Amino acid sequence: MYFVSSNENKYKEIVDFIQALDRPNFTIKFKQLELEEIQSDSLEKVSEHKALKAFERVRYLTLIEDDGLFIDALNGFPGVYSSYIFKTIGNSGIIKLLSDEKNRKAVFRSVFAFHDGKNIQIFVGEKCGSISHSPEGEGWGYDPIFIPEGFENTFAHLGYEFKNKISHRRIALEKLCTWFLANKQK
Ligand code: ITT
């Protein structure tokens, strides 16, 4: 299948897990494309639309992913706008928005959509956590400010080997792989 995204960091976190499954007929390649995103308050709806657009471009088994960081004290913001907010105010902007806030709870959500040309299948992963008071560690996206529940440091500080074992992406990816191997690889 092709993983279609503008963001190669996501692919890097996916490919190792799939390769480790060591199934010769289950391989994933990266197709770097910027896909049109619809405005919706649901990551699932955005993902479905992205999967349709991606399939139109690659015409082969297609996987896309849409993520969102939902911050409790901001009523779920940036949520479906996470990409735009990251590009505009970034991690320092998020920290400023929360400067007087004691409730720092947040959830990172990952939604994969797999399109085989006929049907679209959705897989969701969630990681609860909190937003740090300052950026910590070297990492992409929101990793320097997201602290997974049960830990004291951000994903970026904990490192990628560790993040990839417990992340929202990992949880959704395991569901996808279990389904794919049971249904598509007889
Ligand atoms: P696509 O082309 O696949 O849409 P994107 O980077 O625009 O790539 P999303 O809209 O799915 O991705 O992601 C929303 C934002 O959340 C975006 O700024 C990402 O960098 C960030 N993000 C997604 N997953 C992340 C993760 O595991 N760690 C840190 N930031 C993440």
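Our structure's up above, just so we're on the same page.
Reference entry: report on the structure contained in this document. Fair warning: this is a prediction, and the values are worked out from it, not measured in the lab.

1. Observations regarding the overall build of the chain
Part 1: Each helix and strand in the chain was counted, giving seven helices and seven strands.
Part 2: Reading the helices (α) and strands (β) of the chain from amino to carboxyl end gives β-α-β-α-β-β-α-α-β-β-β-α-α-α.
Part 3: Viewed in the frame of its principal axes, the chain has a C-alpha envelope of about 55 × 35 × 25 Å.
Part 4: The buried share of the chain, taken over its 186 residues, is 47%.
Part 5: Put simply, of all contacts in the chain between residues at least 6 apart along the chain, 60% involve residues at least 24 apart.
Part 6: Accessible surface, the chain: about 9900 Å² in total, of which carbon and sulfur atoms supply 47%.
Part 7: One way to put it: in the chain the 25 positive side-chain charges average out to a point 5 Å from where the 26 negative ones average out.

2. Focus: the site of the ligand
Part 1: Around the ligand, 20 residues are found, and the nearest of them are Ser5, Ser6, Lys50, Asp143 and Lys163.
Part 2: In this structure, an oxygen atom belonging to the ligand sits 2.9 Å away from a side-chain N or O atom of Arg169.
Part 3: Against a free-state accessible area of 600 Å², the protein chains account for coverage of 94% of the ligand.
Part 4: At the level of elements, strand S3 (62-71), helix H3 (82-88) and helix H7 (168-183) are the ones that each hand at least two residues to the shell around the ligand.

3. Looking at the pairing of strand S2 (residues 29-32)
Part 1: The pairing of strand S1 (residues 2-5) with S2 spans four bridges and is parallel. Looking across to S2, one finds that Tyr2 is bridged to Lys29.
Part 2: Taking the sense of rotation as the criterion, the β-α-β connection linking S1, helix H1 (residues 8-21) and S2 turns out right-handed.

4. Some points on the nonpolar core
Nonpolar side chains tend to gather and get buried jointly when the protein is soluble and globular.
Part 1: Core analysis: the largest hydrophobic core is formed by 20 residues, its most contacted members being Ile28, Leu63, Phe112, Phe114 and Leu173.
Part 2: Going through the elements one at a time, H1, strand S5 (105-115) and H7 are the ones with two or more residues in this core.
Part 3: For this core, the leading source of residues is H7, giving seven residues.
Part 4: Excluding residues that lie within four positions of it along the chain, Ile28 makes contacts with Met1, Phe3, Tyr11, Ile14, Val15, Ile18 and Leu63.
Part 5: Judged by nonpolar contacts, the second largest core, of 14 residues, contains Ile85, Ile94, Leu98 and Phe108.

5. Considering the pairing of S1
Along any regular strand, the residues point their side chains to alternate faces of the sheet.
Part 1: Examined bridge by bridge, S1 and S3 share two bridges and lie parallel to one another. The residue of S3 that forms the bridge with Tyr2 is Thr62.

6. As for the packing of aromatic side chains
Part 1: Counted by the stated rule, this structure contains twelve aromatic pairs.
Part 2: Aromatic pair Phe86 and Tyr142: ring centres 5.2 Å apart, planes at 75 degrees, arrangement edge-to-face. Linking Phe86 in helix H3 with Tyr142 in the loop between strand S6 (120-131) and strand S7 (146-148), this pair joins segments that are 56 residues apart in sequence.
Part 3: Since its relative accessible area comes to 6%, Tyr142 is described here as buried.
Part 4: Seen from their ring centres, Phe146 and Phe155 are 5.3 Å apart, and the 45 degrees between their planes marks the pair as tilted. The pair formed by Phe146 and Phe155 is uniform in burial state, with each residue classed as buried.
Part 5: Feature note: the residues Phe26, Phe114, Phe123, Trp179 and Phe180 constitute an aromatic cluster, connected by ring pairs.

What counts, and at which threshold
- Residues numbered from 1 in each chain as written.
- Predicted model: local features only at pLDDT ≥ 70, side-chain atom pairs only at ≥ 80, totals over all residues.
- Heavy atoms only, no water.
- Helix = DSSP H or I, 4+ residues; strand = E, 2+ residues; numbered from the N terminus.
- Buried < 20%, exposed > 50% of the residue type's maximum accessible area, 1.4 Å probe, protein only.
- Contact = heavy atoms within 4.5 Å.
- Areas by Shrake-Rupley, 256 points an atom, 1.4 Å probe, with all protein chains shown as cover.
- Lys, Arg positive; Asp, Glu negative; His and termini not counted.
- Charge placed at Lys NZ, Arg CZ, Asp CG, Glu CD.
- Near = heavy atom within 4 Å.
- Polar contact = N/O pair within 3.5 Å; in protein donor to acceptor, adjacent residues only side chain to side chain.
- Pairing = 2+ DSSP bridges.
- Right-handed = clockwise from strand over helix to strand, strands pointing away.
- Core = buried A, V, L, I, M, F, W, Y, C linked by side-chain atoms within 4.5 Å.
- Phe/Tyr/Trp six-rings, centres within 6.5 Å; stacked < 30°, edge-to-face > 60°.

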